[in-house]
Amino acid sequence: MTAAIMTTTTIIMRVPMPDAFLIHAALAGVGLMLAAGPLGAFVVWRRMAYMGDATAHAALLGVALALLSDLPVALGTALVALAVASLVTVLSSRDRAADTILGVLAHSALAIGLVAISFAPQVRSDLSAFLFGDILTVSLADLAWIWGGAAIVLGLLAWRWNALLTATVNEELAQAAGLDPRRERFVLTVALALVVAVAIKIVGALLISAMLIVPAAAARSFARTPEGMALIAVLIGCASVLAGLWGSFTYDTPAGPSIVTAAAALFAFSLAKGRRAR
Amino acid sequence: MWRPWAFAPPAAGCPMPLIEAQGLGVRRGSHDILRGVNFRIAGGEIVTVLGPNGSGKSTLIRALIGLEPGSSGAVTRKPGLRIGYVPQRLHVDAALPMTVRRFLSLPRPVSDAVAAEALGRTGVAGLERRQVSALSGGQLQRVLLARALLSAPEILILDEPTQGLDQPGEAAFYKLLEEVRAETGAAVLMVSHDLHVVMRASDRVICLNGHVCCEGTPEIVSAAPEYRALFGMGTGGALALYRHMHDHDHVHDGCDHDHDHHHHEGADA
């Protein structure tokens, strides 16, 4: 089987009937990127990288709380991510010095999550799955959750697209046009929490914000409009997922980090290719 | 208090003010930014709010638009008033790719023809495919004005519209505003922190420093003692420039402006 993979370049072209777990993994990654591409563009435009970090790290706390209280993990993750994202939104909209507070929050959330998870013995042995994801064990139920979450996020972003963009360009301009920038911020907060809850299974708490930021940043060099950048971010993200999975399968490397490595390589390539300064 | 300049005639033929403020006060924390401001602007008027930094000009504008709640007094806007707003600063981050054409369709989509017409109107035709973050200061102001015109506004509100422009650019921009007013009949309310050529384009000037110090036609305000106290003698050169460009047959109204006069002669020579 390994020989068959090594003779080809991509999973898609590989064989007519690839293994189910690989198909699941590819579908999960592509589903995530459908939502993470456009949302990641907003994270880059609005300089919300730290906010993404804080929310993603808090997801670990969500996992711990869900396991300790027998709630579904996805639900617990989504709720805690939403709570932290809301807290961060409130803090970061006050003033620009929030950068430090966000840095504090992002890393404390991770530490507290790790401490909390140590109280859930059944996870202790499997901690790396939550830190770095476990895309190769995605089940059909996981897929339904991933695609459902991604569809909600995409729907939210599509519904508010022009308002979100206007508020991103200039909040006063949005206000003068009768929009409420606070509402648009909240839309992004909810979308971020959902993407985090979806992504933790795929790339893990530590690398979620990479899947938001790296494809979008790579897309910048090739885009002339916001829509173009969101679309190219999706494409680069999907390419990273497939290339990462292929690499993981071929060289027996961890899948989540391999996907992010592929994204980082594409980003480096975009820097070399893109003439425009980012 | 007797203030003769308070009775400067508003634009005739429009009894209903577009925006009116009565006793408006804005307080932030324990600090009064504005207090007891009475203001009105009627259709077709060009009104400039002048004041030093920190005098509450931008706050007044924001309160009039409804972006900032007042803590006392009242602001009344004509029902359904269409406002075209040009913000003080528009910094489009280089991380956000945005063509001028796309920008004009925010938040409401407009057709290519309408977008091209608006750009043509403000003297920046053909910029559609340029990136907003790569525009010069003057181009950006004109694009912002074009965008503000898309909603067929009854009033244009501009917060320090010529920041970062050189003086010819500034003069050209005010001329453009006058043309737009003449064509569309839209009132214009703008903010400036200094004189320069802004007065030339204004029907009425309001001098602000937490409260309304003085108001009236540009000539009246520039001669008012309150105005001089606020801006000091440092504006002599700007006054001279204003007079020079504005009106060579300017009738001196008996106020003390030897200094200005001196510059005036110099400029004419």
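Residues numbered from 1 in each chain as written. Chains lettered and ligands numbered in written order. Predicted model: local features only at pLDDT ≥ 70, side-chain atom pairs only at ≥ 80, totals over all residues. Heavy atoms only, no water.

Looking at the overall build of chain B
- Counting its regular elements, chain B contains 9 helices and 9 strands.
- When burial is assessed residue by residue, chain B has 53% of its 269 residues classed as buried.
- Considering only contacts within chain B whose residues lie at least 6 apart along the sequence, 68% involve residues at least 24 apart.
- Accessible surface, chain B as shown: approximately 11500 Å² in total, 54% of it carbon and sulfur. (Helix = DSSP H or I, 4+ residues; strand = E, 2+ residues; numbered from the N terminus. Buried < 20%, exposed > 50% of the residue type's maximum accessible area, 1.4 Å probe, protein only. Contact = heavy atoms within 4.5 Å. Areas by Shrake-Rupley, 256 points an atom, 1.4 Å probe, with all protein chains shown as cover.)

A look at the nonpolar core
- Phe103(B), Ile155(B) and Leu189(B) are the most contacted members of the largest nonpolar core, which totals 155 residues.
- Phe103(B) has contacts with Val169(A), Leu173(A), Leu90(B), Met98(B), Val132(B), Val143(B), Leu144(B) and Arg147(B), leaving out every residue within four places of it along the chain.
- Counting 9 residues, the second-largest nonpolar core is a separate cluster that includes Val205(B), Cys213(B), Cys214(B) and Ala224(B). (Core = buried A, V, L, I, M, F, W, Y, C linked by side-chain atoms within 4.5 Å.)

What to know about helix H5 (residues 167-184) of chain B
All names here are of chain B.
- With 18 residues, H5 extends 26 Å between its outermost C-alpha atoms, agreeing within 8% with the 26 Å of an ideal straight helix rising 1.5 Å per residue.
- Of the positions making up H5, those classed as buried are Glu170, Ala171, Phe173, Tyr174, Leu176, Leu177, Val180 and Arg181.
- Of the surrounding secondary structure, the elements contacted by the buried residues of H5 are strand E3 (46-50), helix H3 (112-121), helix H4 (137-149), strand E6 (155-159) and strand E7 (187-192).
- Between a side-chain oxygen at the N-terminus of H5 and the backbone nitrogen of Gly169 the separation is 2.9 Å; the capping residue is Asp166. (Expected span 1.5 Å × (residues − 1). Polar contact = N/O pair within 3.5 Å; in protein donor to acceptor, adjacent residues only side chain to side chain.)

A few points about the confidence of the model for chain A
Residues and elements named next belong to chain A.
- Of all residues in chain A, 88% have pLDDT values of 70 or greater, and the mean over the chain is 86.
- By mean pLDDT, the top-scoring element of chain A is helix H13 (residues 226-251) (96), and the lowest-scoring one is helix H1 (residues 2-6) (48).
- Note on residues 1-9: pLDDT under 50 across the span, and 13 contacts to partners over four residues away in sequence or across chains. (pLDDT = per-residue confidence, 0-100.)

Notes on the pattern of salt bridges
- The full count for this structure, using the stated rule, is 22 salt bridges over all chains.
- Across the pair Asp180(A) and Arg182(A) runs a salt bridge whose closest N-O atoms are separated by 3.4 Å.
- Exposure remark for Asp180(A): the relative accessible area of 32% places this residue in the partly exposed category.
- Residue Arg121(B) is joined to Glu179(B) by a salt bridge in which the shortest nitrogen-to-oxygen separation is 3.3 Å. Taken together, the residues Arg121(B) in helix H3 and Glu179(B) in helix H5 connect sequence positions 58 residues apart.
- Taking the relative accessible area as the measure of exposure, Arg121(B) reaches 23% and is therefore partly exposed.
- Shared partners join several salt bridges into a network, and the residues in it are Glu172(A), Arg28(B), Arg62(B) and Glu68(B). (Salt bridge = Lys/Arg side-chain N within 4 Å of Asp/Glu carboxyl O.)

What about the packing of helix H12 (residues 208-220) of chain A against helix H14 (residues 255-273) of chain A?
Residue and element names in this part refer to chain A.
- As a packed pair, H12 and H14 sit with axes 8 Å apart at the nearest point and diverge in direction by 25°. For the element pair H12 / H14, the angle class is roughly parallel. H14 is crossed by H12, and the crossing has left-handed handedness. Packed against H12, whose contacting residues are Ala210, Met211, Val214, Ala217 and Ala218, the element H14 presents Ile259, Val260, Ala263, Ala264, Leu266, Phe267 and Ser270 at the interface.
- Residue classes in the contact of H12 with H14 are distributed as 11 nonpolar, 1 polar and no charged. (Axes fitted to C-alpha atoms, helices over the stretch in contact; angles between N-to-C directions. Parallel < 35°, antiparallel > 145°, perpendicular 65-115°, else oblique. Left-handed = near helix turned anticlockwise from the far one by under 90°. Nonpolar A, V, L, I, M, F, W, Y, C, P; charged D, E, K, R; others polar.)

Considerations on the packing of aromatic side chains
- Inspection of every chain in the model, using the stated rule, returns 4 aromatic pairs over all chains.
- Seen in terms of ring centroids, Phe42(A) and Trp161(A) are 5.2 Å apart; in terms of plane orientation they differ by 75°. Their pairing is edge-to-face. You can see Phe42(A) sitting in helix H3 (residues 20-45) and its partner Trp161(A) sitting in helix H9 (residues 140-169), a full 119 residues away along the chain.
- Judged by its relative accessible area of 0%, Phe42(A) falls in the buried class.
- Using a relative accessible area of 15% as the deciding quantity, one classes Trp161(A) as buried.
- Look at Trp246(A) and Tyr251(A): their rings are 5.9 Å apart centre to centre, the planes differ by 85°, and that puts the pair in the edge-to-face class.
- Three or more aromatic residues joined by ring pairs make a cluster, and in this case those are Phe42(A), Trp45(A) and Trp161(A).
- Positioned above the aromatic ring of Phe103(B), the side-chain terminus of Arg147(B) is 5.7 Å from the ring centre. (Phe/Tyr/Trp six-rings, centres within 6.5 Å; stacked < 30°, edge-to-face > 60°. Lys NZ or Arg CZ within 6 Å of the ring centre and 35° of its normal.)

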